[in-house]
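One-letter residues, chain by chain:
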Amino acid sequence: MSCLSSAAWTSVQITAAEPPANAQIVHSGAACNVNDDNISERIYTIKEGYTLVLQCIVKGHPRPQVRWTKTAGSASDKFQETSIYNETLRIEGIQRVQGGRYYCKADNGVGVAAIKSIRVDVQYLDTPVLTVHQTISDVRGSYYQEKTVFLRCTVNSNPPARFIWKRGNILIEQSKDNGVDIYEPLYTQGETKVLKLKNLRPKDFADYTCQVSVRNVCNIEDKSVTFRLTNATTPPMIRLSVNDTVVVVDPGQDVLLNCEIMAGFPAPTVTWSRYPGPLPLSAQVRGPMLFLRAVTPADAGFYNCSAVNNVGNPARKNVNLIVRTMTNLTFQITPDSNKDSETIQMGRDLKLSCHVDATPQDKVNYSWYKNSAPVFNSESLIILRSDPDMAPGTSSLEIIDMKFRDLATYSCMANFPGSRVPELRVDVNISQNGVSPPVLSVPPGGQVVSVQEGGNTELVCLVVDGKPRPPVLWSRAEKDLLMPGGRSVTETPDGRLRMRNVSRDMMGVYRCQTAPYNGLNIKRREAQVQLNVQYPPILDPVFQDLRSRNYQMVTLRCAVLRSNPPRLTDIRWFRNGEFIRIPMPDLKETPELQFKLEPRNNGSYECRVSNSIGMSTCTFNVSTKPYNAEFYFDTPNPVRIQKGNNYSYNLQWTQRDPEATDPIIGFWLIVRKNKQNVLLKQIDLRGKEPEKGVLMSHTISDLKIPLAYEVRLAPITTYCTGDYISRTIQYSEPYTYPRPSDHVCGFEDERICGFSQDRSDVFDWTRQNHLTQNPKRSANTGPETDRSGTKEGYYMYIEASRPRVQGDKARLLSPLFNVTSVRGPKGSGRVPYCVSFYYHMKGKHIGTLNVLLRVRSIASHTTVDSEVWTKSGHQGPDWKRALFDVSPSGPFQIVFEGIRGPSFEGDIAIDDVSITIGKCKQENTVASAVLIGGSHSLPLASWLNFGLSCILALLYR
């Protein structure tokens with residue numbers, strides 16, 4: 001921290017802070033049109049695939065946080081995940097599903113949030129689809145037949161499309177042809193028009209074209225589809241090379257499916273698809289044939305062959321491909337269930353069951369063996385191919401009234417007859433000593449398992465007795481909780497549940513149970529194990545920035561939220577890394593440190609709290625330094641033009657919580673460009689102490705046009721200086737449309753005074769200055785600097801190098817000016833305007849620079865261009881001035897049209913453009929300049945504050 005020294009003082013203005021207000025949505029993307037509907041909601045029309053750019057401009061301080069949302073979700077690319085917190089919403093390649101109502105909500109915690117909406121209308125036109133349907137009906141008792149053809153044309157579009165039918169190149173009009181009907185059917189998806197050909201005539205066999213149009217909105221061209229109708233036109237028919245709808249194959253086998261076309265004209269197109277999922281990566285489609293090499297179980301599914309020729313309905317055939325699989329053969333031993341027995345007893349019944357997980361399950365064949373000899377049905381041995389009391393696909397062997405001769409080794413074998421899938425076999429030894437109920441036990445000391453968070457451990461639940469010994473199943477005792485792997489049940493063959501990287505959410509009770517398979521099918525044995533996850537204390541706050549006045553009492557508290565084990569072992573306080581010697585605190589109380597804050601004991605304080613597992617820390621930054629100031633970014637028209645190519649900037653800010661520390665008596669202000677030309681000022685606040693939420697202002701003068709500067713600001717108290725905050729201030733054209741102004745547009749900021757590129761030309765004008773020039777550019781053409789001669793000054797130019805060719809045009813459009821808001825001289829019906837600009841046309845290949853007057857008709861919304869100035873060929877190495885009068889009859893734009901000459905040495909540039917009300921004056925001064933700035937689709941108040949105009953909104957109201 002630094003102490004205050006004597007310095008020169010300057011004044012500061014203080015005004016009130018603002019809640020968010022005047023929210024406006026402006027666009028800089030590829031809009032086709034922006035209108036207001038009858039409820040004053042703005043409608044943004046854009047072509048599908050273009051880039052949507054919406055900016056939410058809002059005033060308020062502290063600077064509001066802007067959140068974009070959409071009616072059907074959030075304004076992200078998918079609209080379902082999260083909202084977008086940014087002043088600008090940008091969607092590349094917008095799709096039709098992304099249209100809708102968008103909201104920007106700005107909130108800064110002061111007053112009521114500001115909300116603004118705009119409706120985005122995505123416009124598109126798909127290629128139409130034309131299908132043909134035929135009907136044949138008997139007329140007058142089957143004396144003859146009438147054949148009627150329906151041509152159905154369907155398209156998806158926005159706005160609704162207009163349909164035109166043609167036979168050959170001749171327009172079909174229903175009123176002039178009794179043999180046709182044109183109508184719109186009910187209950188159809190998309191937009192549909194039907195052309196009905198009644199009782200086909202010879203002339204009806206022809207080429208039919210369905211042309212759809214959205215009347216060139218967003219420059220969307222018309223689209224069409226043509227179909228040739230002949231007496232051979234028929235719908236498709238197909239058949240598959242396999243007779244059954246289900247095909248069962250072994251893994252590794254090749255599969256060939258042929259979709260043979262039996263009929264159809266025009267020739268149908270055959271496609272193959274699969275459900276679920278796409279075709280396998282290994283699938284090969286060769287015309288109507290589908291070849292699957294070495295299939296795997298993942299290739300199974302329903303395969304669909306479709307044949308389409310747009311006549312009638314598509315022909316479809318399906319086949320279910322099943323790949324044989326067989327895994328996990330298990331057995332069960334069920335004692336006499338009628339006697340509630342859990343052991344094998346002579347004279348009672350016994351059931352052996354066998355189940356395998358297989359596909360297809362119903363095609364599995366089970367074989368039973370006794371001491372390796374096949375078992376056949378008898379009075380004492382009954383084979384159930386599908387046991388109704390067990391899971392589907394389970395085979396059982398029932399031993400009736402068990403005798404000593406029935407004690408043996410029984411085998412169950414599962415296979416697919418005639419398949420190459422290996423058979424599976426399981427053996428069960430049935431003897432008086434070979435079968436006994438299991439005993440499940442948790443080892444001593446294993447009922448509670450403690451582990452540090454992040455460590456590895458295992459829960460143990462052993463089958464200590466019983467034959468055969470079944471696997472152990474683990475699950476969570478707490479309802480609805482899943483196992484660490486995400487499943488509800490985990491099987492362990494040895495009863496040991498191994499857990500890695502244990503976290504505190506795994507803590508709880510785990511249940512272990514004997515499985516009902518691979519052992520006796522009796523009541524399950526179960527036990528429980530408690531998992532105790534230990535972790536260091538969880539403290540609050542983790543970090544706190546605390547500011548206070550000198551010689552005030554400060555209390556630091558470090559609360560223990562949770563700890564496992566809960567008993568604390570140590571509490572220690574540190575300042576700047578050094579131990580603070582204080583009496584040992586009570587480990588059962590909240591750790592607390594109280595002291596008087598002085599200049600010598602500012603710094604970082606730590607409270608280190610430990611238990612037997614580890615240590616956690618609360619950190620406090622304790623300081624008498626004032627909080628940072630906060631810049632205000634919504635100052636209206638901060639730039640003012642001064643003499644000598646200079647400008648001033650009105651800098652505004654607020655002071656965060658000024659009463660938290662010693663009184664703030666001033667601010668250090670540093671202004672510099674490229675870390676040079678340091679200008680140090682101290683702003684006097686004597687008698688005007690900052691208040692919370694109060695806006696302060698200071699005008700920085702003598703800044704050079706068009707340079708940008710870095711500004712750093714720090715508050716000052718009697719004892720020290722706070723931290724600096726930094727921002728960049730930039731020169732921008734001061735917009736004041738449509739009132740007269742003496743300003744000339746020099747294209748010094750990226751908004752280029754509201755000019756825009758014409759989307760119907762071949763290429764664009766480029767904004768450039770000496771510092772951004774391509775070092776490999778053509779040396780004998782184009783200006784070195786802007787018209788003022790400064791390296792930082794910008795201008796607009798056309799680049800004549802490749803890929804440009806002779807005759808390519810680039811047009812730069814001014815904002816739209818509403819002449820109805822300005823009155824002409826008395827007795828005159830039109831207002832004269834003076835257009836003034838500088839041009840640079842150096843080079844032996846210079847083409848032509850034209851200036852056009854584009855006038856818009858309010859009634860028809862059409863535009864008419866007329867040439868008002870032109871110049872061609874080399875005009876010398878210097879900037880030259882042009883000025884002329886125009887008297888438009890309605891709302892107008894000035895268009896600068898650059899035309900590329902015969903070769904690359906033909907760069908043309910313009911600079912310092914102005915349009916003034918009144919006729920041109922020959923002297924160098926420019927009077928009554930009309931601002932050229934902003935977007936011509938924004939409200940007037942928004943343009944006055946942010947450089948955006950409202951001309952379109954005024955025109956269409």
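Scoring rules and cut-offs
- Residues numbered from 1 in each chain as written.
- Predicted model: local features only at pLDDT ≥ 70, side-chain atom pairs only at ≥ 80, totals over all residues.
- Heavy atoms only, no water.
- UniProt positions renumbered as here; feature names shortened; annotations may be inferred.
- Helix = DSSP H or I, 4+ residues; strand = E, 2+ residues; numbered from the N terminus.
- Buried < 20%, exposed > 50% of the residue type's maximum accessible area, 1.4 Å probe, protein only.
- Contact = heavy atoms within 4.5 Å.
- Areas by Shrake-Rupley, 256 points an atom, 1.4 Å probe, with all protein chains shown as cover.
- Pairing = 2+ DSSP bridges.
- Salt bridge = Lys/Arg side-chain N within 4 Å of Asp/Glu carboxyl O.
- Axes fitted to C-alpha atoms, helices over the stretch in contact; angles between N-to-C directions.
- Phe/Tyr/Trp six-rings, centres within 6.5 Å; stacked < 30°, edge-to-face > 60°.
- Patch = residues over 30% accessible without salt bridge, like charges linked within 9 Å, V, L, I, M, F, W, Y side chains within 5 Å.
- Lys, Arg positive; Asp, Glu negative; His and termini not counted.
- Charge placed at Lys NZ, Arg CZ, Asp CG, Glu CD.
- Disulfide = S-S within 2.5 Å.
- pLDDT = per-residue confidence, 0-100.
- Polar contact = N/O pair within 3.5 Å; in protein donor to acceptor, adjacent residues only side chain to side chain.
- Core = buried A, V, L, I, M, F, W, Y, C linked by side-chain atoms within 4.5 Å.

Per an unreviewed UniProt entry, the protein chain goes by the name MAM domain containing glycosylphosphatidylinositol anchor 1 and belongs to Takifugu rubripes. For the protein chain, the Subcellular location (unreviewed entry) comment in UniProt is given as "Cell membrane".

Our focus in this paragraph is the overall build of the protein chain. Check the secondary structure of the protein chain and you find 2 helices and 74 strands. By residue count, 47% of the 957 residues in the protein chain fall in the buried class. Counting contacts in the protein chain only where the partners sit at least 6 residues apart, residues at least 24 apart contribute 68% of the total. Surface summary for the protein chain: the accessible area is close to 48,500 Å², and the carbon and sulfur share equals 48%.

This paragraph deals with the pairing of strand E53 (residues 603-611). With 7 bridges joining them, strand E50 (residues 568-575) and E53 adopt antiparallel strand pairing. When the bridges of E53 are listed, leucine 568 appears paired with asparagine 611. Connecting E53 to the next strand, strand E54 (residues 615-623), in antiparallel fashion are 3 residues.

Let us now look at the environment of aspartate 299. Relative to the elements of secondary structure, aspartate 299 occurs in the loop between strand E26 (289-292) and strand E27 (301-308). Classification of aspartate 299 by relative accessible area gives buried; the value is 9%. Along the sequence, aspartate 299 and leucine 279 sit 20 residues apart, while their C-alpha atoms lie 8.2 Å from each other. Ignoring any residue separated from it by four or fewer positions in sequence, one finds aspartate 299 in contact with Arg274, Pro280, Ala294 and Leu321.

What follows deals with the pattern of salt bridges. Counted according to the given criterion, the structure contains 39 salt bridges. Salt bridges linked by common partners bring Asp758, Arg811, Arg854, Asp865 and Glu897 together as one network.

This paragraph deals with the sheet that holds strand E25 (residues 284-286). Spatially, the 4 strands line up as an open sheet ordered E21-E23-E26-E25, and their pairing is antiparallel. Each edge of the sheet is formed by a strand with only one pairing partner; in this case those strands are strand E21 (234-240) and E25. Across the sheet, the mean angle separating the axes of adjacent strands is 20 degrees when strand polarity is ignored. Strand direction decides the pairing type here: E21 and strand E23 (residues 255-265), joined by 5 bridges, are antiparallel. In the strand pairing of E23, isoleucine 238 is matched with isoleucine 261.

Applying the stated criterion to the full structure yields 14 aromatic pairs. Between phenylalanine 747 and phenylalanine 755, the aromatic rings sit 5.6 Å apart at their centres with planes inclined by 65 degrees, giving edge-to-face as the arrangement. Exposure remark for phenylalanine 747: the relative accessible area of 0% places this residue in the buried category. The buried category is assigned to phenylalanine 755, whose relative accessible area is 5%. Considering the side-chain rings of tyrosine 795 and tryptophan 879, the 6.0 Å spacing of their centres and the 65 degrees angle between planes classify their relative orientation as edge-to-face.

Below, the discussion takes up a negative patch on the surface. A grouping of Asp657, Glu659, Glu689 and Glu691 is seen on the molecular surface, where their side chains present a negatively charged patch. When you line up the elements, glutamate 691 lands in the loop between strand E59 (676-684) and strand E60 (694-704).

For the rest of this paragraph, the subject is the sheet that holds strand E64 (residues 756-757). Spatially, the 5 strands line up as an open sheet ordered E64-E67-E72-E69-E70, and their pairing is antiparallel. Whereas interior strands pair on both sides, the edge strands pair on one side only; in this sheet they are E64 and strand E70 (863-872). Direction of pairing for strand E69 (residues 848-856) relative to strand E72 (residues 892-899): antiparallel, over a ladder of 8 bridges. The residue of E72 that forms the bridge with arginine 854 is glutamine 893.

To continue, consider the environment of glutamate 792. Considering the arrangement of structural elements, one finds glutamate 792 in the loop between strand E65 (766-769) and strand E66 (794-798). It is 6.8 Å that separates the C-alpha atoms of glutamate 792 and leucine 707, two residues lying 85 residues apart in sequence. When residues no more than four places from it in sequence are discounted, the contact partners of glutamate 792 are Pro706, Leu707, Glu748, Asn769 and Leu771.

The full count for this structure, using the stated rule, is 8 disulfides. There is a disulfide in this structure between cysteine 259 and cysteine 305, and the S-S distance comes to 1.8 Å. Every disulfide takes its handedness from the sign of the S-S torsion; for cysteine 259 and cysteine 305 that torsion is -80 degrees, giving left-handed. You can see cysteine 259 sitting in strand E23 and its partner cysteine 305 sitting in strand E27, a full 46 residues away along the chain. Taken individually, cysteine 259 and cysteine 305 each receive the classification buried, so the pair is uniform in this respect. Considering cysteine sulfurs only, cysteine 558 is the nearest to cysteine 607, which forms no disulfide, with 4.0 Å between them.

Turning to the confidence of the model for the protein chain, a few remarks are in order. The share of residues in the protein chain with pLDDT of 70 or more is 85%, and the mean pLDDT across the chain is 84. Confidence drops under pLDDT 50 across residues 138-144; counting only partners more than four residues distant or on other chains, this segment forms 5 contacts. Low pLDDT, under 50, characterises residues 924-957; the predicted model gives this stretch 127 contacts beyond four residues in sequence or across chains.

So, on to unusual backbone geometry. Most peptide bonds are trans, and most residues other than glycine sit at a negative phi. A cis amide bond links lysine 467 with the next residue in sequence, proline 468, at an omega value of -20 degrees. Structurally, proline 468 can be placed in the loop between strand E40 (462-467) and strand E41 (472-476). With phi around 65 degrees, asparagine 216 is a residue other than glycine that occupies positive phi space. Tracing the backbone shows asparagine 216 in the loop between strand E19 (207-213) and strand E20 (223-228). On the basis of relative accessible area, asparagine 216 is assigned to the partly exposed category, the value being 44%.

Inspection of the secondary structure puts glutamate 526 in strand E46 (residues 526-540). Here glutamate 526 falls in the partly exposed class, since its relative accessible area comes to 46%. Glutamate 526 sits 52 residues away from tryptophan 474 along the chain, and the two C-alpha atoms are 9.6 Å apart. Excluding residues that lie within four positions of it along the chain, glutamate 526 makes contacts with Leu440, Arg511, Cys512 and Gln513. Separated by 2.9 Å, the side chains of glutamate 526 and glutamine 513 make a polar contact.

A separate point is the side chain of aspartate 662. Position of aspartate 662 among the secondary structure elements: in the loop between strand E57 (646-655) and strand E58 (664-673). Buried and unpaired, aspartate 662 has no salt bridge, with arginine 549 as the nearest side chain of opposite charge at 5.3 Å. Within polar-contact distance, the side chain of aspartate 662 engages the side chain of asparagine 550 at 2.8 Å.

Where a protein is soluble and globular, its nonpolar side chains tend to be buried together. Judged by nonpolar contacts, the single largest core of 34 residues is most densely connected at Phe747, Trp765, Leu812, Phe837, Leu849, Phe896 and Ile910. Looking at this core, the elements that each hand over two or more residues are E66, strand E67 (809-813), strand E68 (833-841), E69, strand E71 (880-886), E72 and strand E73 (908-917). Considering every element that reaches this core, the biggest residue donor is E68, with 5 residues.

Secondary-structure assignment places aspartate 758 in the loop between E64 and E65. In terms of polar contacts, aspartate 758 uses its side chain to reach the side chain of serine 760, at 2.9 Å. If near-sequence neighbours (up to four positions away) are discounted, aspartate 758 is found in contact with Asp764, Arg811, Leu813 and Arg854.

With 8 of 9 residues buried, E69 is to be regarded as a mostly interior element. Sheet analysis places E69 next to E70, joined by 9 bridges and oriented antiparallel. By the bridge assignment, leucine 849 is partnered in E70 with lysine 871.

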